[in-house]
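Descriptive analysis of the structure
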Amino acid sequence: SARTKALAEAAAAKKQAEYDRIIAEKEHEGDSAKQKKKRHQEGVSKNAKHRTQQWVDAQDNTKSVNQRQDGYTSRRRSVFSHNTSSPQTTKIQRDVECIETIIATNKQLTSSLARQSLPKCHPDAFGGDATLFHPWKSAFKAMLRDADLSPDQEINYLRQYTKGDAQKLVDSYRKRQYREPASLLQEVWAELEKRFGKLSGHHQHPPEEN
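Bear in mind the structure is a predicted one, so any value in this text is a computation, not a measurement. (Residues numbered from 1 in each chain as written. Predicted model: local features only at pLDDT ≥ 70, side-chain atom pairs only at ≥ 80, totals over all residues. Heavy atoms only, no water.)

Before going further, it helps to spend a moment on the overall build of the protein. The number of helices and strands found in the protein is six helices and zero strands. Each helix and strand of the protein, ordered N terminal to C terminal, gives the series α-α-α-α-α-α. (Helix = DSSP H or I, 4+ residues; strand = E, 2+ residues; numbered from the N terminus.)

Here is the structure:
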């Protein structure tokens, strides 16, 4: 009938409308996904460009810093080279050398004066008395303390300030041929200590009698 046909057409139209709505929503969702994906891709591309630009800027900054450092080093070398060859620097070097020469000369004069003053404060000549060995040795060393003497000179003074058995001992060593006078001097003192130094304690502290 006409009514049934009308109801069927209305139902069909409703279904078509529902179908069209669903299709439209799907298309809208698709467009939204595409736009979102597009925006994401644009963002990634923009970030990549930004990072690339940062890297380029960093390279430029590094190059600029290196250039400034190289320029500073070159200027410093140039200034240093200029200063070392300048008349003022040469004058300072001459002054320093002059001062060092004066100091060395004063040291030599002091040693020379000390040697010249030796006869004024010399100890008695040691003749072999063991009880006097250590006092004599202390006085002898004190006499030479401020004098810059060579080992040969000290051995000569040893002979001058000894006598008797002690002088004979010194002479026996002076007659020997030594390549190193310092070693000879050490052996002379060692033998004097052995011969007279150890006995001095025995004489100073004799054993008590019962």
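The next point concerns the nonpolar core. Core analysis: the largest hydrophobic core is formed by 22 residues, its most contacted members being Trp136, Phe140, Leu158, Val188, Trp189, Leu192 and Phe196. Looking at this core, the elements with two or more residues in it are helix 3 (133-144), helix 4 (151-160), helix 5 (164-174) and helix 6 (181-204). Among the elements that line this core, the one with the most residues is helix 6, at six residues. Contact partners of Trp189, with chain neighbours within four places excluded, come to Trp136, Lys137, Phe140, Lys141, Glu154 and Leu158. (Core = buried A, V, L, I, M, F, W, Y, C linked by side-chain atoms within 4.5 Å. Buried < 20%, exposed > 50% of the residue type's maximum accessible area, 1.4 Å probe, protein only. Contact = heavy atoms within 4.5 Å.)

The next point concerns helix 3. Look at helix 3: 17 Å from first C-alpha to last across twelve residues, which is about the 16 Å you get at 1.5 Å a residue. Turning to helix 3, its buried residues are Phe133, Trp136, Phe140, Met143 and Leu144. In an axial view of helix 3, the angular spread of the buried residues amounts to 95°, which keeps them on one side of the axis. (Expected span 1.5 Å × (residues − 1). Arc of directions from axis to C-beta.)

A separate point is the packing of aromatic side chains. Taken as a whole, this structure holds ten aromatic pairs when the rule is applied. Relative to Trp136, the ring of Phe126 has its centre 5.1 Å away and its plane inclined at 25°; by these criteria the two rings are stacked. Taken together, the residues Phe126 in the loop between helix 2 (87-116) and helix 3 and Trp136 in helix 3 connect sequence positions ten residues apart. Centroid distance Trp136 to Trp189: 5.9 Å. Interplanar angle 35°. Geometry classified as tilted. In this pair, Trp136 sits in helix 3 while Trp189 sits in helix 6, placing the two residues 53 residues apart along the sequence. The burial state of Trp136 is the same as that of Trp189; both residues are buried. (Phe/Tyr/Trp six-rings, centres within 6.5 Å; stacked < 30°, edge-to-face > 60°.)

On to the confidence of the model for the protein, then. On average, residues of the protein score 76 in pLDDT, and 68% of them reach the 70 mark or higher. Confidence drops under a pLDDT of 50 for residues 202-210, and excluding neighbours within four residues, the segment shows four contacts in the predicted structure. (pLDDT = per-residue confidence, 0-100.)

Let's shift gears to the packing of helix 3 against helix 4. Running from N to C, helix 3 and helix 4 point in directions that differ by 135°, and their axes come no closer than 12 Å. Put simply, helix 3 runs oblique to helix 4. Crossing of helix 3 over helix 4 shows right-handed handedness. Here Trp136, Phe140, Lys141 and Leu144 of helix 3 lie close against helix 4, whose contacting residues are Glu154, Tyr157 and Leu158. The class makeup of the residues in the contact of helix 3 with helix 4 is five nonpolar, no polar and two charged. (Axes fitted to C-alpha atoms, helices over the stretch in contact; angles between N-to-C directions. Parallel < 35°, antiparallel > 145°, perpendicular 65-115°, else oblique. Left-handed = near helix turned anticlockwise from the far one by under 90°. Nonpolar A, V, L, I, M, F, W, Y, C, P; charged D, E, K, R; others polar.)

Here the focus is the side chain of Thr162. Mapped onto the fold, Thr162 is located in the loop between helix 4 and helix 5. Of note is the side chain of Thr162, whose polar atom sits 2.8 Å from the backbone oxygen of Leu158. Polar side-chain contacts of Thr162 include one of 3.2 Å to the backbone oxygen of Arg159. Other than its neighbours up to four places away in sequence, Thr162 contacts Ala125, Phe126, Trp136, Gln167 and Val170. (Polar contact = N/O pair within 3.5 Å; in protein donor to acceptor, adjacent residues only side chain to side chain.)

Tallied over the entire structure, the rule returns seven salt bridges. Ionic pairing is found between Arg174 and Asp171, a salt bridge with its closest N-O pair at 3.4 Å. Here Arg174 and its partner Asp171 are both found in helix 5, three residues apart, which amounts to about one turn of the helix. A relative accessible area of 16% means that Asp171 is categorised as buried. Residues joined in a network through salt bridges with shared partners are Glu18, Arg21 and Glu25. (Salt bridge = Lys/Arg side-chain N within 4 Å of Asp/Glu carboxyl O.)

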